[in-house]
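Structure assessment
Chain residues, written in single-letter form:
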Amino acid sequence: MKKFKWILGIITLFAVVASGCGSQESSAGGTQLDKIKEAGVIRIAIEGAYPPYNYFNAQNQLEGFDVDVANELAKRMGVKAELIATPWDSIIGSLVADKFDIIVSSMNITEERKQKVDFTDPYFYTGQALFVPENSPIQDPADAKGKKIGGQIGAMAIDVATQLEAEVVPYKTDYIAFEDMALGRIDGVITDKGVGASISKEKNYPVKVVGDVLLEENAGITLNKGQDALREELNKHLADMRKDGTLAAISNKWFGRDITTK
Amino acid sequence: MLDFSLVAKYIPYLLEASLVTLEIAVLSIAIGLILGLFTALLRISGIRPLEAIARFYIWVTRGTPLLVQILLVYFGLPQLGIDIAPFPAAVLALGFNAGAYFAEIYRAGIQSIPKGQIEAAQSLGMGYPLIMRRIVLPQALRVSLPAMGNESITLLKDSSLASLVTVTELMMASQRFAASNYAFIEFYITAAVLYLVMTTFFSFILNRAEKRLSISDR
C-alpha cells in the first residue's frame, strides 16, 4: 500500500508539473482539437484489462464496449482512432503528460480526478457492488467493517472499501482479487457490478452480491483540462450517438442490456 | 484445473513480446556496459571532481528504485522539453540504471589487478591509456565476467518494469491475456518459462565468453 502511494504521488507530482507545460504548448499551437483534426488521428488510451468493457482478444486486438465507443467517436469526428493500451495506474499521468488525447476506459467521473483532468458527459452508468462467497457471514455491506475486502489499485473500489471501514487489500486487477477470495484469503471484493458478474460467471466462482449498489458511477471520457473545444465536440457526438440509438446498440452487443441510460 | 490449451493460440503474441523483452535487455546492457566503463574509469581516475561525479551517479542510481527511474524518464523528461517514446524511455532508464552496477563490477575487476603489473608496465615506458588498454582491462574483464552475467540476467528480468510505460514486453502481454481469459496462473507460468529460455540463452553465451577469455589460464 505504501509503495502504491509513493508511485501515485510521483505520478501526480509530474502530472501537476506537466499540466503547466501542457497548457503552454496548446496555447502556442492551437487547441488539442485542432491538432487532432490536423493530424487526422486521435490518440485514445484504453486499459485493455477490464473485460467486457475493454480487453485483448485472441487476435491480440483490443475489443469491448469502450473500444466500440472509441472507434465510433473517431469515425464521427472524421479522424482515425489510434488505440493505446495503458496500465490503469499510469493512465491519468500519461494523459496529463500528453502521451495521448483522451481516455475511453470506463473511467468514473469523480471530484478527485476532476482536480487533474476533465470529463465529457457520462456515456454509461454503472455501480460498485460487494461480492462475497456464497456461504459468507457478510449479510450486508455494513458487515464488511474490519473484514478483508479486495479491490483494484487506483479504482473506486478502494475508496468504497475504506468508507465501509473494511481492511482494504489492493490488487493489480479485479480477477486476481476474485481468485484470492475463492482461495479464502479475503472476505469479499468490491468492483463494478458488471465486471464482477462477468468474472464469477466465467470462472464459476460461488459468489453473490450483497446489498445494493454501493456507489453509483457515471463513466465519462477523460481529457486534459482547458480543452473545451474538444470536450464540446465529444459531447456533441455522444449526444448524437445516444439519439440515433448507436450507443444503446453497442451496449446491447456487449451486455445484452442498455447501460447507457440511468 | 490449469488449462494450458488456452495459452496456445496466444503463443505467437507472447513470442513477439519476448522479442521486445530481449531487445530492451540487449540494448540496455550495451548502454550499461559503455556507461559503466566510463564511470569506472572516472571513479578510479584519482581526479577528485571526476571521482565525485562517478560516486554521485552510482549513489543515486543504486539507491533509488528502478521503477521510479523509469517513471522519471518517461514522465519527468517531458517537463524539460524532452519527449521520449515508451520504448526508448525504458531502454534509457534501464541502461542508465545498469551503468551504475556495471561501473562497480568493472572497478572490482580493475582493482583486482596487482599494482606490480602497472608499475612494471610504467617502467617499460607505457602511458596510462596504453596500460589500461593492454594490461589492466583485458584481465579485469575476465575477472568481471561472472558478475556481469549476473547483472545482465537481472536486467533481462527487470525489463518487465517497462510495462508501466506502455511497452508491450512479455510481462505486459501476459497480463493482458491473463485478464481477458481470467487465467493468470497459466499465462504467468508460460511467461516464466519464456524468461527461463531467455536467461538460459544469456548464460550460455556468457559461459562461452568466459571459456574463451580464460584460454591463457590453461
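The structure displayed is predicted, hence computed values, not measured ones.

1. Details of the overall build of chain A
A count of helical and extended segments in chain A gives 10 helices and 11 strands. Partitioning the contacts of chain A with sequence separation of at least 6, the portion at a separation of at least 24 is 69%.

2. Description of helix α6 (residues 156-163) of chain A
All names here are of chain A. All of the buried residues in α6 are M156, A157, I158, V160 and A161. Structurally, α6 contributes buried residues whose contacts are with β6 (102-108), β7 (117-133), β8 (148-152), β9 (167-171), β10 (188-192) and β11 (207-224). A positive backbone phi angle near 60° is found at E165, which sits one or two residues after α6.

3. So, helix α7 (residues 174-182) of chain A
Within α7(A) the residues assigned to the buried category are D174(A), Y175(A), A177(A), F178(A), E179(A) and M181(A). One or two steps after α7(A), the chain reaches G184(A), where phi turns positive at roughly 85°.

4. So, the sheet that holds strand β3 (residues 54-56) of chain A
Residue and element names in this part refer to chain A. Read across the sheet, three strands follow the order β2-β3-β4 without closing on themselves; strand pairing throughout is antiparallel. Either end of the sheet is taken by a strand with one partner, and the two such strands are β2 (49-50) and β4 (62-63). When β2 meets β3, the two strands line up antiparallel, connected through two bridges. For A49, the partnering residue across the bridge sits in β3 and is Y55.

5. So, the environment of E16(B)
All names here are of chain B. Tracing the chain through its elements places E16 in helix α2 (residues 11-43). On the basis of neighbour count, E16 is assigned to the partly exposed category, with 14 C-beta atoms found within 10 Å. A sequence separation of 154 residues divides E16 from L170, and the C-alpha atoms of the two residues are 8.1 Å apart.

6. What to know about the domain arrangement of chain A
Residues and elements named next belong to chain A. The assigned domain composition of chain A is domain 1 (12-125 + 219-255) and domain 2 (126-216). A separation of 27 Å is found between the C-alpha centroids of domain 1 and domain 2. The interface of domain 1 with domain 2 comprises 11 residues on the first partner and nine residues on the second. Broken down by secondary-structure element, the contributors of at least two residues to the side of domain 1 that touches domain 2 are β2 and β7. Of the residues in the side of domain 1 that touches domain 2, the class split is nine nonpolar, one polar and one charged.

7. A few points about the sheet that holds strand β1 (residues 41-46) of chain A
Residues and elements named next belong to chain A. In space, the eight strands of this open sheet follow the order β5-β1-β6-β11-β7-β10-β8-β9, with mixed pairing throughout. On the outer flanks of this sheet lie β5 (80-85) and β9, each paired with one strand and no other. Going from strand to strand, the sheet's axes swing by 25° on average, the running direction of each strand aside. In terms of strand pairing, β1 meets β5 through six bridges, oriented parallel. Counterpart to V41 in the pairing with β5 is K80. In this fold α6 packs onto β6, β7, β8, β9, β10 and β11, with an angle of close to 155° to the strand it touches most, β8. Docked against the sheet, helix α9 (residues 228-243) engages β7 and β11, running at close to 65° with respect to β7.

8. Comments concerning the nonpolar core
Within the largest apolar cluster, 126 residues are counted, with the highest numbers of intra-cluster contacts made by I44(A), I46(A), A70(A), I70(B) and A90(B). Of all the elements, helix α5 (residues 86-111) of chain B adds the most residues to this core, at 14 residues. Of the residues that make up this core, three or more belong to each of domain 1 (12-125 + 219-255) and domain 2 (126-216) of chain A. If sequence neighbours within four positions are ignored, A90(B) has contacts with I24(B), I70(B), A162(B), V165(B) and V167(B).

9. A word on the interface of chain A and chain B
At the junction of the two partners, chain A supplies 27 residues and chain B supplies 20 residues. Every element with two or more residues in the side of chain A that touches chain B is listed here: α1 (2-28), β3, β5, α7 and α8 (193-203) of chain A. For the side of chain A that touches chain B, the element with the highest residue contribution is α1(A), accounting for six residues.

10. Examining the packing of α2(B) against helix α3 (residues 48-63) of chain B
For any two helices packed against each other, the geometry is given by the interaxial angle and the distance between the axes. All names here are of chain B. Running from amino to carboxyl end, α2 crosses α3 at an angle of 130°, the nearest separation of the two axes being 7 Å. Compared by their axis directions, α2 and α3 come out oblique. Handedness of the crossing formed by α2 with α3: left-handed. Taking contact as the criterion, the partners of T39, L42 and R43 in α2 are, on α3, L50, E51, I53, A54, R55, Y57 and I58.

Conventions used here
- Residues numbered from 1 in each chain as written.
- Chains lettered and ligands numbered in written order.
- Predicted model: local features only at pLDDT ≥ 70, side-chain atom pairs only at ≥ 80, totals over all residues.
- Helix = DSSP H or I, 4+ residues; strand = E, 2+ residues; numbered from the N terminus.
- Contact = placed C-beta atoms within 7 Å.
- Buried ≥ 20, exposed ≤ 12 C-beta atoms within 10 Å, placed from the backbone.
- Pairing = 2+ DSSP bridges.
- Domains from an automatic or database assignment.
- Nonpolar A, V, L, I, M, F, W, Y, C, P; charged D, E, K, R; others polar.
- Axes fitted to C-alpha atoms, helices over the stretch in contact; angles between N-to-C directions.
- Core = buried A, V, L, I, M, F, W, Y, C linked by C-beta atoms within 7 Å.
- Parallel < 35°, antiparallel > 145°, perpendicular 65-115°, else oblique.
- Left-handed = near helix turned anticlockwise from the far one by under 90°.

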